[in-house]
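In case you want the letters, here they are:
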Amino acid sequence: MKENDDEAVIAIDERVPLEAMHPCSCLHFSPDGTTLACGTLDGPIIILSLPETSDKSVQGNRMVEVKRIFTEHVQHALPMTHMAISHDSQWLVAGSNDHFKGAIHVFALENNEDQSKSYSHWWPLPQLESPHSCLSFIGGESVESALAVACSDNSFYLFDVKSLSEWSQDIGIPFLRKMPQEIATIPDYPVRLVSNPAEPSKFLLGSHGNFFVVDLSRKIPQSSNYYPSRDLRSKRTWLEKQTSDAKDWTNKRKRSRSTSCGDNVVKEEPLETNFTICLRYNAMLFLEFIGKNEMIVVEQPWAPIFDALPDPLVSKTYGLA
């Protein structure tokens, strides 16, 4: 662990009690670094309290404290797949591929106002129209923290931990019908949800081949723009849309003529940047904000993967010499 920027990284061995020794499928640290949530392969969630590292004289052979092992939510022995902890370290959200559409549960961690509610199973989120693919807490600082859940059909919903948020209630369910066509028809599904600490009202939903920007303070546009606009994938999508929406294009042309100015110059609306689809990166392995307005993207180009494959096997075609 690292004390500050001037000191070297020190690896400290921690011992885990026997009751917490279960195979894990996902791990998540709290923002303050004092709690580690461990999702196991058979469903239970283990909450570990990490000791302070300020005492340099104590290194190794330290026992980690087990604060709680959640088992109330376990109905089937299925692994936990997604976990997130709120910015104030008071809430834990965990998801699994339980049932057909998955299951997401909310747990209360440390509650300074009411200790009787600490480390308890709060409630299960209602099932959505498609299985969840990623989840994360957004907001913080001046904006109230909210839970964002993305689904495999590229839709997403916001919860205020206790219920569906007002933003999602105003949009309605299912949300996919209100989303731009370009987003709804993306062949991939979101696998990561990240937010910029400098702009709590915005977040990114990304797959392995693209991500799009969501600004909760702005309206949902009827169509999404692409960046860069010259990308082959955006051009292909644009051609398909032009073919299917030829009649709509003609109607818009007629309306623009009727709303033109006296000098026959049509007023153009400003470019909408909300829900913009970024195609700048491809084959992304990792995407995360490491600070305010600082984001890191890790790509794995396909060319080196193909180069590492073995030579194809040569087999004779039946009936030919």
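Each remark here, short or long, concerns the structure printed above.
This one's a predicted model, so the numbers in the text were calculated from it and none came from an experiment.

A separate point is the sheet that holds strand E14 (residues 192-196). The strand order across the open sheet built from five strands is E14-E15-E16-E18-E17, with neighbouring strands paired in mixed fashion. Each edge of the open sheet carries a strand with a single partner, namely E14 and strand E17 (226-227). Summarising the sheet, strand E16 (residues 211-215) and strand E18 (residues 277-278) pair through two bridges and their orientation is antiparallel. By the bridge assignment, Phe211 is partnered in E18 with Cys278.

In this approach the atoms are scanned with a rolling probe the size of a water molecule, which exposes any empty space left behind. Across all of its chains, the model carries four cavities of 30 Å³ or more by this definition. Taken as a whole, the largest cavity holds about 80 Å³ of empty space. For the largest cavity, the full set of lining residues is Gly43, His73, Val74, Gln75, His76, Leu78, Met80, Ser96, Asp98, Ala103 and His105. Considering only residue class, the lining of the largest cavity consists of four nonpolar, six polar and one charged.

Right, let's talk about unusual backbone geometry for a bit. For the peptide bond that leads from Tyr227 to Pro228, omega is -5°, which places it in the cis range. Note that Pro228 resides in the loop between E17 and helix H3 (232-244). Phi at Tyr119 is positive, roughly 55°, even though this residue is not glycine. Mapping Tyr119 onto the fold places it in the loop between strand E9 (103-108) and strand E10 (120-124). In this model, Ala283 sits at a positive phi of 50°, which is unusual for a non-glycine residue. Mapped onto the elements of the fold, Ala283 is located in the loop between E18 and strand E19 (284-291). Judged by relative accessible area, Ala283 falls into the buried class, the value being 12%.

Before going further, it helps to examine a nonpolar patch on the surface. Together, Leu285, Phe286, Ile290, Ile296 and Val298 make up a nonpolar patch on the protein surface, roughly 440 Å² of accessible area in all. Position of Ile290 relative to the elements: it lies in strand E19.

It is worth spelling out the nonpolar core at this point. Note on soluble globular proteins: their nonpolar side chains tend to be buried together. Counting residues in hydrophobic clusters, the biggest one holds 40 residues, and the most contacted among them are Phe156 and Phe212. Those elements that provide at least two residues to this core are strand E8 (91-96), E9, strand E11 (132-140), strand E12 (143-151), strand E13 (156-159), helix H1 (166-171), strand E15 (199-206) and E16. The greatest single-element share of this core, amounting to six residues, is contributed by E12. In this view, Phe212 contacts Asn154, Met179, Ile183, Ile186, Phe203, Leu204, Leu205, Phe275, Thr276 and Ile277; residues no more than four positions away in its chain are not counted. With 13 residues, the next largest nonpolar core counts Ile47, Phe70, Met80 and Leu92 among its residues.

Rules behind the numbers
Residues numbered from 1 in each chain as written. Predicted model: local features only at pLDDT ≥ 70, side-chain atom pairs only at ≥ 80, totals over all residues. Heavy atoms only, no water. Pairing = 2+ DSSP bridges. Helix = DSSP H or I, 4+ residues; strand = E, 2+ residues; numbered from the N terminus. 1 Å grid on protein atoms, 1.4 Å probe; cavity = no way out; pocket = protein on both sides within 12 Å on 5 of 7 lines; lining within 4 Å. Points joined across faces, edges and corners; volume = space filled by probe spheres on them. Nonpolar A, V, L, I, M, F, W, Y, C, P; charged D, E, K, R; others polar. Buried < 20%, exposed > 50% of the residue type's maximum accessible area, 1.4 Å probe, protein only. Patch = residues over 30% accessible without salt bridge, like charges linked within 9 Å, V, L, I, M, F, W, Y side chains within 5 Å. Areas by Shrake-Rupley, 256 points an atom, 1.4 Å probe, with all protein chains shown as cover. Salt bridge = Lys/Arg side-chain N within 4 Å of Asp/Glu carboxyl O. Core = buried A, V, L, I, M, F, W, Y, C linked by side-chain atoms within 4.5 Å. Contact = heavy atoms within 4.5 Å.

Just geometry here; none of it tells us what the structure is for.
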